[in-house]
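Breakdown of the fold
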Amino acid sequence: MTDSPNIAIVGAGVVGLTVARLLQSEQRHCNLTIIADAFKEDTTSAVAAGIFRPGTSFKGSTDGHTKKWIRDSWHYWQEILKSPEASQAGLMTFSAYIFSKKHYSVTRNHLIEDLVPIYRAVDDNELSLCGDGWKYGSYFSTVKIGCDRYLPWAEGKFIQDGGKILTGRVDNIASLRGKYDLVFNCTGFGAKALCNDHDLVPIRGQVLKVRAPWLKTAFYGDYDTYVIPGFDGVATLGGVRQYDSYNTDVCRHDSAAILERCCAMLPALKSAEVVAHRVGLRPHRVPVRVEPEVLDGVKVVHCYGHGGYGVTCAPGTAIDAVSIGVDLFKCNMRNKL
Amino acid sequence: MVKICVIGAGVNGLTCALKIKEKYKDFDVTIFSDEFTPNTTGDGSGGLWYPYLCGDTSQENLTKWGIETYSFLYDLWYTGGKHISLMPMYELYRQKKQLSRPLWADLVFGYRELDMRQLDYLSTMHSVEYSAGRTFTTFVIQAPKLLEYLYKRFKDANGEVATAKITSLSDPLLQEFRVIVNCTGLRARDVVPDTRVFPIRGQIARVKAPWLNYTIVDEDSGHYIIPNDAICVLGGTHQNNDYRTEIDAGNTGFILNGCRQMIPSLKSVEVVKHWVGLRPGRDEIRLEAEERKGKIYIHNYGHGGSGLTLFWGCGENVLQLLEQNLGSIKPHDAKSKL
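What counts and how
- Residues numbered from 1 in each chain as written.
- Chains lettered and ligands numbered in written order.
- Predicted model: local features only at pLDDT ≥ 70, side-chain atom pairs only at ≥ 80, totals over all residues.
- Heavy atoms only, no water.
- Helix = DSSP H or I, 4+ residues; strand = E, 2+ residues; numbered from the N terminus.
- Rg over C-alpha atoms; globule rule 2.2 N^0.38 Å.
- Contact = heavy atoms within 4.5 Å.
- Areas by Shrake-Rupley, 256 points an atom, 1.4 Å probe, with all protein chains shown as cover.
- Lys, Arg positive; Asp, Glu negative; His and termini not counted.
- Charge placed at Lys NZ, Arg CZ, Asp CG, Glu CD.
- UniProt positions renumbered as here; feature names shortened; annotations may be inferred.
- Buried area = accessible area lost by both parts, 1.4 Å probe.
- Salt bridge = Lys/Arg side-chain N within 4 Å of Asp/Glu carboxyl O.
- Polar contact = N/O pair within 3.5 Å; in protein donor to acceptor, adjacent residues only side chain to side chain.
- Pairing = 2+ DSSP bridges.
- Buried < 20%, exposed > 50% of the residue type's maximum accessible area, 1.4 Å probe, protein only.
- pLDDT = per-residue confidence, 0-100.
- Axes fitted to C-alpha atoms, helices over the stretch in contact; angles between N-to-C directions.
- Parallel < 35°, antiparallel > 145°, perpendicular 65-115°, else oblique.
- Left-handed = near helix turned anticlockwise from the far one by under 90°.
- Nonpolar A, V, L, I, M, F, W, Y, C, P; charged D, E, K, R; others polar.

1. Brief notes about the overall build of chain B
- From N to C terminus, chain B includes eight helices and 15 strands.
- Here chain B has a C-alpha radius of gyration of 21 Å; the compact-globule value for 338 residues is 20 Å, and the two agree.
- In terms of overall dimensions, chain B has C-alpha extents of about 75 × 40 × 35 Å along its principal axes.
- In chain B, the proportion of contacts linking residues at least 24 apart, taken out of those at least 6 apart, comes to 78%.
- As presented, chain B carries roughly 13,700 Å² of accessible surface, and 50% of it is formed by carbon and sulfur atoms.
- The averaged location of the 39 negative side-chain charges in chain B is 3 Å from the averaged location of its 39 positive side-chain charges.

The following block contains the structure:
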């Protein structure tokens with residue numbers, strides 16, 4: 001039995017990298033290896049705007065778990081936000097207005113109302129901020145994690161602190177048997193094939209990235225339409241949520257629709273230069289899978305299925321996963337004695 | 001032919017000139033100034049909409065002029081292309097303080113006094129113990145872009161611009177004009193002359209921090225952070241009767257250290273420029289018409305730190321004063337003089 005356990009983290013998106021960094025700070029005696037076939041801008045995480053706002057359908061195995069994940073995630077991001085490295089890590093804070101023409105419930109979010117510093121109903125005059133027809137609205141303050149910065153930043157620190165990276169695709173968990181004492185499965189959409197998990201459903205998303213340095217506040221229109229400020233003045237315009245779609249190509253009709261909806265809310269966007277179109281498959285699962293399993297003789301901790309809330313809740317689930325992994329490992333040692 | 005001149009091409013001069021020329025296309029409107037954007041006082045400012053440093057100017061006037069300007073900025077923001085940003089502002093106090101509700105509170109978006117939870121959050125984030133504060137959604141202007149827009153609008157309306165330094169209200173250059181709109185800012189002290197006008201020196205640092213999305217003003221320490229779409233302004237100082245336009249190293253240290261302590265991610269940012277502006281202070285804003293030796297002078301100066309907060313409303317007021325006095329101006333005045 002080796003003194004330095006070998007741990008693999010499969011997946012280098014926001015979940016994988018956050019798990020890896022947590023392991024580095026808490027389990028200094030371990031050899032850590034990230035195995036992934038996609039990094040940084042090629043991950044699903046990088047497509048996301050990264051706003052901290054879990055959907056009300058975000059679910060862990062219990063309500064207690066859900067709330068703890070969100071709370072832990074918030075505090076994790078706040079720590080980085082307060083530090084001198086906030087901008088390198090892709091952290092920024094901003095306020096958001098969310099409006100709805102028909103549904104009051106769309107403007108509420110029981111998961112974060114008690115957590116973020118400000119979450120209130122809008123005043124009547126605020127309803128006319130984005131043109132006519134908005135009937136309900138909320139205003140709240142939150143953070144955003146731009147993975148275009150967070151992933152390279154976290155990866156850099158991971159390597160600096162002795163972590164290893166292997167580029168490659170893990171087709172089955174069995175292939176890792178004997179090489180690693182513990183495996184964290186942070187494969188997101190990849191878990192569908194890797195674990196034959198039929199509960200994991202892709203929800204296709206498409207966004208436009210536009211140059212709008214004047215945009216400092218986010219706006220949501222009835223959930224489907226959102227305009228979110230970004231670093232370096234590049235904002236994210238969205239979006240779509242297409243259930244069970246596997247299409248990773250940019251759809252020009254979706255682009256046109258998104259642009260039209262966003263410009264209807266904020267005509268000022270009409271002259272914004274489009275810098276990119278991106279597509280991502282949100283790895284949606286109810287509940288998000290954070291649990292241990294011995295699979296093909298390999299000790300695995302699953303941490304996938306975050307859907308559209310991976311960037312938001314990666315830290316909370318990662319903290320949980322690492323704790324489960326440590327327990328699993330201790331269990332292993334006890335059995336051997 | 002009614003000939004009107006405006007002295008001063010800062011934000012107030014440009015606004016008065018364009019409002020008059022757009023409404024009265026047949027009038028001859030000329031701006032006289034020796035400084036134009038981007039070299040006016042307003043050009044260098046942080047660009048925040050917030051009524052302050054206006055001495056005893058009445059709440060009613062601040063509200064009237066300020067809200068008209070706020071609405072104007074909203075339109076510019078909504079339609080786009082004018083480099084206006086919409087964001088929350090946090091005005092914070094370290095000492096416990098009973099905050100009075102300004103008259104304009106209900107007329108802006110989302111005015112609230114901060115509660116304990118919000119203050120605790122801001123205190124933790126900025127490593128300072130804040131005991132009181134308020135917030136509302138406001139606008140931040142990129143001043144040179146706004147002035148450029150106002151200038152262009154005036155020229156498009158066929159306004160005339162002449163480079164000249166006017167040293168007094170009876171300057172020979174003003175001879176042919178029947179109405180003189182005086183937007184001389186700090187120079188009013190010598191030009192009018194008006195000894196109630198005094199400089200309020202303000203030093204700032206411009207840094208590259210495009211990820212900052214809110215304005216924060218620490219009233220007790222004197223630090224403030226105002227991000228616009230191009231640059232972030234860190235401040236500041238309020239030095240009465242200080243005419244120095246050179247950068248003061250002590251002020252620089254104060255500004256950078258204090259702001260970096262509040263927002264640690266500012267520690268590694270590039271400082272683009274240090275700048276000093278002399279705010280045109282006065283015990284109250286002077287906005288009134290005066291008849292002197294057959295000429296009508298409409299004074300619009302002494303806006304202190306609120307030039308960019310009040311310009312559109314003050315300009316409208318100037319227009320109203322002009323209209324009130326138009327009765328005494330006959331269109332063929334020049335001819336009758338012959």
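2. Points about the UniProt feature "domain: FAD dependent oxidoreductase" (unreviewed entry) in chain A
- Using the residue numbers shown here, the UniProt feature "domain: FAD dependent oxidoreductase" (unreviewed entry) corresponds to residues 7-318 of chain A.
- Regarding residues 7-318 of chain A, the helix share stands at 24% and the strand share at 32%, and the terminal C-alpha atoms are separated by 15 Å.

3. Comments concerning the interface of chain B and chain A
- Every contact between the two is made by 36 residues of chain B and, on the other side, 45 residues of chain A.
- At the boundary of chain B with chain A, total buried surface from both sides reaches about 3,200 Å², with 54% on carbon and sulfur atoms.
- Linking chain B with chain A are one salt bridge.
- The salt bridge partner of D123(A) is R112(B), with a shortest N-O separation of 2.9 Å.
- At the boundary of chain B and chain A, one finds 15 residue pairs in polar contact (both at pLDDT 80 or more).
- Contributing elements (two or more residues each) for the side of chain B that touches chain A: helix 2 (59-79), strand 3 (84-93), strand 4 (109-113) and helix 3 (116-126) of chain B.

4. Remarks on the pairing of strand 14 (residues 286-292) of chain B
All names here are of chain B.
- Pairing of strand 14 with strand 15 (residues 295-301) involves seven bridges; the strand directions are antiparallel. By the bridge assignment, E288 is partnered in strand 15 with H299.
- The loop that links strand 14 with its antiparallel partner strand 15 comprises two residues; one of these, K293, has a positive phi angle of about 50°.

5. Some details on the side chain of K209(A)
Residue and element names in this part refer to chain A.
- Topologically, K209 is positioned in strand 8 (residues 201-211).
- Buried and without a salt bridge, K209 has D148 as its closest oppositely charged side chain, separated by 6.7 Å.
- A polar side-chain atom of K209 sits 3.1 Å from a polar atom in the side chain of T236.
- With residues near it in sequence (within four places) discarded, K209 still touches A46, V47, A48, V234, A235, T236, E273, V274, V275, A276 and R278.

6. Considering unusual backbone geometry
- In this structure, G239(A) follows G238(A) across a cis peptide bond, with omega equal to -5°.
- In this model, V286(A) is joined to P287(A) through a cis peptide bond whose omega is 0°.
- Note that P287(A) resides in strand 13 (residues 273-295).
- In this model, D232(A) sits at a positive phi of 55°, which is unusual for a non-glycine residue.
- Its location among the elements puts D232(A) in the loop between strand 10 (225-228) and strand 11 (234-238).
- Of note, N241(B) is a non-glycine position whose phi angle comes to about 60°, a positive value.
- Note on placement: N241(B) falls in the loop between strand 12 (239-240) and helix 6 (249-262).

7. Comments concerning the confidence of the model for chain B
- Residues of chain B with pLDDT of at least 70 account for 97%, and the chain-wide mean is 95.
- For residues 332-338 of chain B, every residue scores under 50 in pLDDT, and the model assigns this stretch two contacts once sequence neighbours within four places are set aside.

8. What about the environment of I4(B)?
Residues and elements named next belong to chain B.
- Here I4 is to be found in strand 1 (residues 3-7).
- For I4, a relative accessible area of 0% gives the class buried.
- Separated by 23 residues in sequence, I4 and F27 have C-alpha atoms that sit 7.1 Å apart.
- Among all residues touching I4, those that are not within four sequence positions of it are I20, F27, D28, V29, T30, F177, V179, V181 and L322.

9. Focus: the packing of helix 1 (residues 11-23) of chain B against helix 7 (residues 307-326) of chain B
Residues and elements named next belong to chain B.
- The interhelical angle for the contact between helix 1 and helix 7, taken along N-to-C directions, is 40°, at an axis separation of 9 Å. What the angle tells us is that helix 1 and helix 7 run oblique. Considering the relative orientation of helix 1 and helix 7, their crossing is right-handed. Residues V11, N12, T15, C16, L18, K19, I20 and K23 of helix 1 touch helix 7, and the partners they reach there are G307, L308, F311, W312, C314, G315, E316, V318, L319, L322 and E323.
- Of the residues assigned to the contact of helix 1 with helix 7, the class counts are eleven nonpolar, four polar and four charged.

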